[in-house]
Amino acid sequence: MVLVLGSSLTVMSGYRFVRHAAGRDIPIVIINRGSTRGDTDALLTFDAPLGATLTALLARLDPEP
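Right, let's walk through the structure included here. The residue numbering used here restarts from 1 in each chain and proceeds along that chain's sequence as written. Totals for whole chains, interfaces and linings use every residue, but because this is a predicted model, local features are given only for residues with pLDDT of at least 70 and side-chain atom pairs only at 80 or more, for both listing and counting. The side-chain figures draw on all heavy atoms in the structure; neither hydrogens nor water molecules are used.

## Things to note about the overall build of the chain
Right, so step 1: Numbering of helices and strands runs from the N terminus, with a helix taken as a DSSP run of H or I at least four residues long and a strand as a DSSP run of E at least two residues long. In terms of helices and strands, the chain carries two helices and three strands.
Right, so step 2: The secondary structure elements of the chain, listed N-terminal to C-terminal, are β-α-β-β-α.
Right, so step 3: Its C-alpha atoms put the chain at 40 × 20 × 20 Å along the principal axes.
Right, so step 4: Residue exposure (1.4 Å probe, protein chains only): buried if accessible area is under 20% of the type maximum, exposed if over 50%, otherwise partly exposed. Within the chain, the proportion of its 65 residues that are buried is 22%.
Right, so step 5: For the chain, long-range pairs separated by at least 24 residues make up 42% of all intrachain contacts whose partners lie at least 6 apart in sequence.
Right, so step 6: Here the chain has roughly 4700 Å² of accessible surface; of this, 60% comes from carbon and sulfur atoms.
Right, so step 7: Computed over 6 positive and 6 negative side-chain charges, the separation of the two mean positions in the chain equals 10 Å. Should any heavy atoms of two residues lie within 4.5 Å, those residues are considered in contact. In these tables, accessible area is a Shrake-Rupley quantity obtained with a 1.4 Å probe, and a residue counts as shielded only by the protein chains included in the view. Charged-residue counts in this description rest on Lys and Arg as positive and Asp and Glu as negative, His and the chain ends being excluded. Charged side chains are reduced to one point each, which is NZ for Lys, CZ for Arg, CG for Asp and CD for Glu.

Shown next as structure tokens:
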């Protein structure tokens, strides 16, 4: 799986990873505010603020400090 965090993927150096993964049928998940160049290749996209989203995810994965 390729997880894209907080990137619009406008720079080819980052977008290249998404293209390679898509070409190999590797699932892609994107968390970003707004759309990205990789959205059409992604299995899941989340239009959400990265900090709050990751904080909530970590709390669900490890609910005790």
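## Remarks on helix H1 (residues 12-23)
Right, so step 1: Under the 1.5 Å per step criterion, the end-to-end length of H1 is 16 Å for twelve residues, consistent within 8% with the ideal 16 Å.
Right, so step 2: Taken as a whole, H1 has its buried residues at Tyr-15, Val-18 and Ala-21. Projected down its long axis, H1 carries its buried residues within an arc of 115°, all on one side.
Right, so step 3: Lining the buried residues of H1 we find strand E1 (2-5) and strand E2 (28-32).
Right, so step 4: Count one or two residues on from H1 and you reach Asp-25, which has phi positive near 60°. Multiply 1.5 Å by the residue count of a helix minus one, and that product is the helix's expected span. In this context, the arc is that of the directions from the helix axis out to the C-beta atoms.

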